[in-house]
Amino acid sequence: MTSHAICIQTRMAVWDLSVSVEELGPEAPPLKISVTSDLHIGGVILKTVEKSQIKQDWSDHALWWEQKQQWLLKPSWTLDKCGIHADARLCLTPQHKPLQLVMPSSIVLRMRVCFSSPVFRTIMGICKLLNIRRPEELSLLWPVEEKKKKKDKDVGEEVKYKFQTSTHKYDPIQRMWLDSSRSLLQQGVKENDKLILRFKYYTFHDIIPQADVVRLTQLYEQSRWAILLEEIECTEEEMMVFAALQYHIGKVSLTEQSVASCPAMEDLDLALQCLEVKMEGESSADDMLVSFMTYTQPKRLTLKGYKQYWFTFKDTTISYYKSKEESSKEPIQQMNLKGCEVAPDVSVAGQKFCIRLLIPGPEGMNEVYLRCEHEQQYSRWMAACRLASKGKTLADSSFSSEVQSIQSFLAMQKTTPRNNTAQTDESINTHSLVSPRYQKKYKPKQLTPRILEAYQNVAQLSLTDAIQKFLQIWQALPDFGLSYIVVRFKGCRKDEVLGIANNRLIRIDLSVGDVVKTWRYNTMRQWNVNWDIKQVAIEFDGNVNIAFSCVTANCKIVHEYIGGYIFMSTRCREQSDTLNEELFHKLTGGHEAL
């Protein structure tokens, strides 16, 4: 026999392949299918179906390779090309299976979802069924184990909000998000398992109230629980406004059937432009602000060491001088706010009107606090800072509406006269409206009048306006959109926290909660992951390099967050609803996906 004939005989050798069929039941033995190495996957499925003798629609079925935890989804590939031999255990199973889906509103939906596609595509299918636009903003989490819940409860609600003792706050983020580039079955999800659907990326693109009824409602529920569970810090005045809005939304939702009645808006930042709040403002030139204010640049997250200076705001730059008389000379310092982060630090009751600025610098972000003397000054300077952060000047047409939006929020925190009916309203369940910190600090009879005071300022809002107002205030909180991962930086011996936002990374001292350093994505040159030692390395402009390993999580979590936020930044308003799935996986996928 020639060598050519031997090769043909070897290639065409027949051998048995074990294939389980889900429809035959878990106790049924695998079917033995006679195959050759050059038989394609489609042929294996055909032989298996014929031998099972079950007459049904098999179009949704595919082969699952148990040992490799891998779907065989290319019917034209041969067994040899797939690397399948006689010891392989395959299972013919439906690609779509029932799943229990916990919505942000706590409603549990039972629906059939795809177990064979990457989670990213599965989310797209889920959101299409639920009529939720922008599915790329959401993902799936594992539910917290019961023993974990008990442990969290034992921590005590009194200290739950403290940064030092709230590492359990980061833990779900570290270990519970499913990998977007792998399928549900690859990650151990079984039929009828319970998973949690949540907004993962805090960049809510192109919200249109008429088209985003479900999206807005679920966003509201997720933000509401984040505040009630103290996953994000807010002041006492802000908590009372949040409580009043929840109370109002609960009442109005009984009469309004949907949130689709509000006119479309360009984005959530403009949600309050329709509110008419007339307040006196300080005079200034059309393109410039000048005023005395106090200033500090703290090393720690504290408000102390303020000094008064004469400030000018021109274009996108703040300059300050020792006195008004010296404003014609060189300033002590100039700060260009383009690309900076702007956050309020306000207590109307305490007459505290501070602006927190995180300004990009060569070594990261520089933290600055400006303290205004009164709310009129604060409204105009805060509006100017917000516009400057977007590269806009005081001459921009949106300046007056930005001032009005800020003033309306301040007005909501003020005490207004109440009638006797409001004062004696016993329908308020204060424990469902405020976080445990304030439940412990105040009795219900003390909380009720304060909530009702704030309610008088929002009682005229429609359901849509109230929900968008709630979301706007939530998005204005200093720690909004931060996801936390416990990491260890290269060369350091102690664990720290990495805060991941939609436009920056923040290094935080775990023991005291201080912000150590901030890096913006727009200064990032490249990042890579060493999958062998599980280390993330990032290079920024100015030859700034950082590297860290994730202490209690897979480094894929950080990799997917960074890549995901960069992907979100590529979206534009003119873009169609068609997602560039290939780009998403290039930016977020691990070494297997790449």
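As recorded by an unreviewed UniProt entry, the chain carries the name Fermitin family member 3a and is attributed to Cyprinus carpio.

This brings us to the overall build of the chain. Looking only at helices and strands, the chain has 16 helices and 23 strands in total. Burial status across the chain gives 52% buried among its 594 residues. Partitioning the contacts of the chain with sequence separation of at least 6, the portion at a separation of at least 24 is 63%. Entry remark: accessible area of the chain is about 28,700 Å², with carbon and sulfur atoms responsible for 49%.

Another aspect to go through is the packing of helix H8 (residues 236-252) against helix H14 (residues 463-475). Packed helices, taken two at a time, are described by the angle between their axes plus the distance between the axes. Where H8 meets H14, the axes come as close as 9 Å, and the angle between the chain directions of the two elements is 155 degrees. For the element pair H8 / H14, the angle class is roughly antiparallel. H8 and H14 meet at a crossing whose hand is left-handed. Residue-level inspection shows Val 241, Phe 242, Leu 245, Gln 246, His 248, Ile 249 and Val 252 of H8 in contact with H14, the latter providing Leu 463, Ala 466, Ile 467, Lys 469, Phe 470, Ile 473 and Trp 474. The class makeup of the residues in the contact of H8 with H14 is 11 nonpolar, two polar and one charged.

It is the contact of helix H7 (residues 213-228) with H14, at a shortest axis distance of 10 Å, that shows an interaxial angle of 50 degrees. What the angle tells us is that H7 and H14 run oblique. Regarding H7 and H14, the two cross each other, and that crossing is left-handed. Across the interface between the two elements, Leu 216, Leu 219, Tyr 220, Ser 223, Arg 224 and Ile 227 of H7 pack against Ile 467, Gln 468, Phe 470, Leu 471 and Trp 474 of H14. Looking at the contact of H7 with H14 residue by residue, the class counts come to eight nonpolar, two polar and one charged.

Among the structural elements, Glu 402 can be located in helix H10 (residues 399-412). Among residues more than four places away in sequence, those in contact with Glu 402 are Ala 383 and Arg 386.

Among the nonpolar cores identified, the biggest contains 137 residues, and Leu 184, Ile 318, Leu 337, Leu 357, Trp 474 and Ile 538 are the most heavily contacted of them. Looking at which element gives the most residues to this core, the answer is H8, with 10 residues. Apart from residues lying up to four places away in sequence, Ile 538 is in contact with Leu 505, Met 524, Gln 526, Trp 527, Val 544, Asn 545, Ile 546, Phe 548 and Ile 562. Membership of the second largest hydrophobic core comes to 22 residues, among which are Val 21, Val 49, Ile 84 and Ala 88.

So, about the pairing of strand E22 (residues 535-540). Burial within E22 is extensive, with five of its six residues counted as buried. Looking at chain direction, strand E21 (residues 524-530) and E22 are connected through six bridges and run antiparallel. Pairing of Gln 526 across the sheet is with Glu 539, part of E22. The loop that links E21 with its antiparallel partner E22 comprises four residues; one of these, Lys 534, has a positive phi angle of about 55 degrees. As judged from the six bridges shared by E22 and strand E23 (residues 544-550), these two strands associate in the antiparallel manner. Looking at E23, one finds that Ala 537 is bridged to Ala 547. Connecting the antiparallel pair E22 and E23 is a turn made up of three residues, with Gly 542 showing a positive phi of about 80 degrees.

Quick look at the environment of Ser 323 now. Summarising the element assignment, Ser 323 is placed in the loop between strand E12 (317-321) and strand E13 (333-336). For Ser 323, a relative accessible area of 18% translates into the label buried. Sequence separation between Ser 323 and Trp 310 is 13 residues, and the spatial gap between their C-alpha atoms is 5.3 Å.

Time to look at unusual backbone geometry. A positive phi angle is found at Ser 106, which is not glycine, with a value near 75 degrees. Structurally, Ser 106 can be placed in the loop between strand E6 (96-102) and strand E7 (108-114). One non-glycine residue, Asp 206, adopts positive backbone phi at about 55 degrees.

Taking 1.5 Å as the rise per residue, helix H2 (residues 41-52) with 12 residues should run 16 Å; its terminal C-alpha atoms sit 17 Å apart, in good agreement. Every buried residue of H2 is listed here: Ile 41, Gly 43, Val 44, Ile 45, Thr 48, Val 49 and Ser 52. Buried residues along H2 sit against strand E1 (15-21), strand E2 (31-35), strand E3 (61-65), strand E4 (70-72), helix H3 (79-82) and strand E5 (89-94). Positive phi shows up at Gln 53, right after H2, with a value of about 60 degrees.

This part covers H10. Here H10 spans 20 Å end to end across 14 residues, near enough to the 20 Å set by a 1.5 Å rise per residue. Buried residues dominate H10, accounting for 12 of its 14 residues. On its buried face, H10 is in contact with H8, strand E14 (341-347), strand E15 (352-361), helix H9 (375-389), helix H13 (444-455) and H14.

This part is about the sheet that holds E4. Across the sheet, which stays open at both edges, the five strands sit in the order E2-E1-E5-E3-E4 with mixed pairing between neighbours. Each end of this open sheet is capped by a strand with a single partner; those strands are E2 and E4. Sheet twist, expressed as the average angle between the axes of neighbouring strands with direction ignored, equals 35 degrees. Judged from the five bridges that link them, E3 and E5 form a sheet pairing that is antiparallel. Within E5, the residue paired with Leu 63 across the bridge is Leu 92. On top of the sheet, H2 reaches E1, E2, E3, E4 and E5; it is set at about 135 degrees to E2, its chief contact.

Here is what the cut-offs are and how they apply
- Residues numbered from 1 in each chain as written.
- Predicted model: local features only at pLDDT ≥ 70, side-chain atom pairs only at ≥ 80, totals over all residues.
- Heavy atoms only, no water.
- Helix = DSSP H or I, 4+ residues; strand = E, 2+ residues; numbered from the N terminus.
- Buried < 20%, exposed > 50% of the residue type's maximum accessible area, 1.4 Å probe, protein only.
- Contact = heavy atoms within 4.5 Å.
- Areas by Shrake-Rupley, 256 points an atom, 1.4 Å probe, with all protein chains shown as cover.
- Axes fitted to C-alpha atoms, helices over the stretch in contact; angles between N-to-C directions.
- Parallel < 35°, antiparallel > 145°, perpendicular 65-115°, else oblique.
- Left-handed = near helix turned anticlockwise from the far one by under 90°.
- Nonpolar A, V, L, I, M, F, W, Y, C, P; charged D, E, K, R; others polar.
- Core = buried A, V, L, I, M, F, W, Y, C linked by side-chain atoms within 4.5 Å.
- Pairing = 2+ DSSP bridges.
- Expected span 1.5 Å × (residues − 1).

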